[in-house]
Amino acid sequence: MTDRVKTLTGLKSIVVKIGSNALTRSEGGLDENILINLCSNLAELIQNRVSITLVSSGAISTGMHQLGLRVRPKRMSMLQAAAAVGQYVLMSHFAQALHRYHLHAGQILVTRSDFEDRTRYLNLRNCIDALQRSAALPIINENDAVAVDEIRFGDNDLIAAHVTNLVGADLLILLSVVDGLLDKNNQVLSVVHAMDDQVASIVRPEKSSRGTGGMGSKLIAAGTVKTAGRPVLIANGKTPDIIRKLLQGESTGTLIMPGKKRLAAWDRWIMTHQPSGIVHVDTGAAAALRKEKSLLAKGVVGVTGIFSAGDIVEIAESGSGVLGRGKIKFSSEEMNKIKGLASAQIPAALQREKSPECIIHKDDLVMF
Ligand code: GLU
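A brief report on the enclosed structure follows. Please read these numbers as outputs of a predicted model, since none were measured by experiment.

## Considerations on the state of the cysteines
Under the counting rule described, the total for this entry stands at zero disulfides. With no disulfide of its own, cysteine 39 lies closest to cysteine 127 among cysteine sulfurs, the gap being 18 Å.

## A few points about the packing of aromatic side chains
Scanning the model with the defined rule gives four aromatic pairs in all. Consider the rings of phenylalanine 115 and tyrosine 121, whose centres lie 6.5 Å apart with planes at 70°: the pair is edge-to-face. Across the pair, exposure class does not vary: phenylalanine 115 and tyrosine 121 are buried alike. Between phenylalanine 115 and phenylalanine 153, the ring centres sit 5.5 Å apart and the planes meet at 85°, which makes this aromatic pair edge-to-face. Of the two residues, phenylalanine 115 sits in helix H6 (residues 113–116) while phenylalanine 153 sits in the loop between strand S4 (136–142) and helix H8 (156–167), which places them 38 residues apart along the sequence. Of the two residues examined, phenylalanine 115 and phenylalanine 153, each falls in the buried class. Three or more aromatic residues link up through ring pairs in this structure, and these residues are Phe115, Tyr121, Phe153, Trp266 and Trp269. For the cation-ring pair, arginine 112 lies above phenylalanine 153, with the distance from its terminal atom to the ring centre recorded as 4.6 Å.

## Considerations on helix H7 (residues 118–133)
Between its terminal C-alpha atoms H7 stretches 23 Å, which fits the 22 Å expected from 16 residues at 1.5 Å a residue. Looking at the buried side of H7, the elements it contacts are strand S2 (51–56), strand S3 (104–110), H6, S4, H8 and helix H12 (265–272). For H7, the N-terminal cap is aspartate 117; the gap from its side-chain oxygen to the backbone nitrogen of threonine 119 is 3.1 Å. Following H7 by one or two positions, alanine 135 adopts a phi angle in the positive range, close to 55°.

## Looking at helix H5 (residues 76–99)
Given a rise of 1.5 Å per residue, 24 residues ought to cover 34 Å, and the 34 Å separating the end C-alpha atoms of H5 matches this to within 8%. The complete set of buried residues in H5 reads Leu79, Gln80, Ala82, Ala83, Gly86, Gln87, Val89, Leu90, Met91, Phe94, Ala97 and Leu98. For H5, the secondary structure elements touched by its buried residues are helix H2 (20–23), helix H3 (32–47), S2, helix H4 (59–67), S3 and S4.

## So, the sheet that holds strand S13 (residues 365–367)
Backbone-to-backbone hydrogen bonds pair the strands of a sheet. The strands run either parallel or antiparallel. With mixed pairing, five strands are arranged side by side in an open sheet as S10-S9-S11-S12-S13. In the strand order of this sheet, the two ends are held by strand S10 (300–304) and S13, each with one partner. On average, adjacent strands in this sheet sit at an angle of 25° to one another, irrespective of strand direction. The sheet contact formed by strand S9 (residues 278–281) and strand S11 (residues 312–317) spans four bridges and is parallel. Pairing of valine 281 across the sheet is with glutamate 317, part of S11. Contacts between helix H13 (residues 283–290) and the sheet are confined to S9, S11, strand S12 (321–327) and S13, with S11 contributing the most and set at about 120° to the helix.

What counts as what
Residue positions are given per chain, counted from 1 along the sequence in the order it is written. Since the coordinates come from a predicted model, pLDDT governs what is reported: local features require at least 70, and pairs of side-chain atoms require 80 or more to be given and counted, while whole-chain, interface and lining totals use all residues. Calculated side-chain values reflect all of the structure's heavy atoms, with hydrogen atoms and water omitted. To count as a disulfide, a pair of cysteine sulfur atoms needs to be within 2.5 Å. Only Phe, Tyr and Trp rings are paired, with Trp represented by its six-membered ring, and only when their centres lie within 6.5 Å; those with planes under 30 degrees apart are stacked, over 60 edge-to-face, the remainder tilted. Throughout, exposure labels follow a simple rule: accessible area from a 1.4 Å probe, protein chains only, divided by the maximum for the residue type, with under 20% read as buried, over 50% as exposed, and the rest as partly exposed. Segments assigned H or I by DSSP are reported as helices when at least four residues long, segments assigned E as strands when at least two residues long, and all are numbered from the N terminus. Two thresholds decide whether a charge sits over a ring: the Lys NZ or Arg CZ must be within 6 Å of the ring centre and within 35 degrees of the ring normal. Multiply 1.5 Å by the residue count of a helix minus one, and that product is the helix's expected span. What makes two residues a contact is simply this: any of their non-hydrogen atoms within 4.5 Å. The definition of a polar contact used here is a pair of N or O atoms within 3.5 Å, where within protein one atom must be able to donate a hydrogen and the other to accept one, and adjacent residues in sequence count solely through side-chain atom pairs. At least two DSSP bridges between two strands are required for those strands to pair. The axes used here are C-alpha line fits, helices contributing only the stretch in contact, and every angle between their N-to-C directions lies in the interval 0 to 180 degrees.

As far as function goes, none of this settles anything; it's purely spatial.
Shown next as structure tokens:
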């Protein structure tokens, strides 16, 4: 069995993302044929008891067409207006296309903060789950009508990666208008095993014209899913029956192989969360962390940023960059008082009777 067939066999839950360029026509407006074909492929999977979550772009682009705007507006309020008009049209087309398979369309609009707050994050998962049990296809997009620059994801590749990690899906499929990751000679890379600098350097950096993503954002999104131990397929959403072809093992698109370890739900949440600061560690601590030990104050050499106890922080080793992420038990202010100390010295340094023995417990730690 090839890597491809082995990786794509027996999948129970899949997240599919389709980009604006794939879903709309170059002259503007929704590409009905693509949308209908996508729904038929997804309905077939749902009939075969695969849980499907769709992340769909195209609201702004569809809204631009409705409003007669030829060029993507620069003003945020106009982009919001286009999204408000387009999102509704987009969803009504999905609802119509799914109706012939006796499926409903369930719209979920998200902002970055929905992934930051643990309760909202879990509610989002419950809603997706309930839709799937109710013969409805969850269709997710960013809430572009209210998301302003500072709180925007900006592109749906990352939202799709976060959703994959949220629901613990077995596969993420990113559909755009290119055939996969292309090397400098325009050849599609069929299978990628490691997301190393070599891959980043050979991938062409072009961005899409009607959406906001590009190969760069796809690589970042794919990296997050790979680290969580799940595979990613990048393929051309304009190819008829692309999902069916990919899952039947046809050698099209790029398959990014999953990392070795399948992360549990708690670890995937830690990965998804935006870090509030950085904890810098020495070489000894870095080696212990790699052996899945907890982080102790002794190995901390400094912190960057202002964070509270319970926040998610990045862990970095000077020279090696970011090592991982974890839930910290002390604030940045406290960290500045206890860095480099032995655990037994911490209560006195913080003028407390007792305090946690470690800075980040191994169960609250994800190494990249
Ligand atoms: N949320 C945007 C839309 O629906 C698309 C963002 C993207 O291109 O990834 O228009």
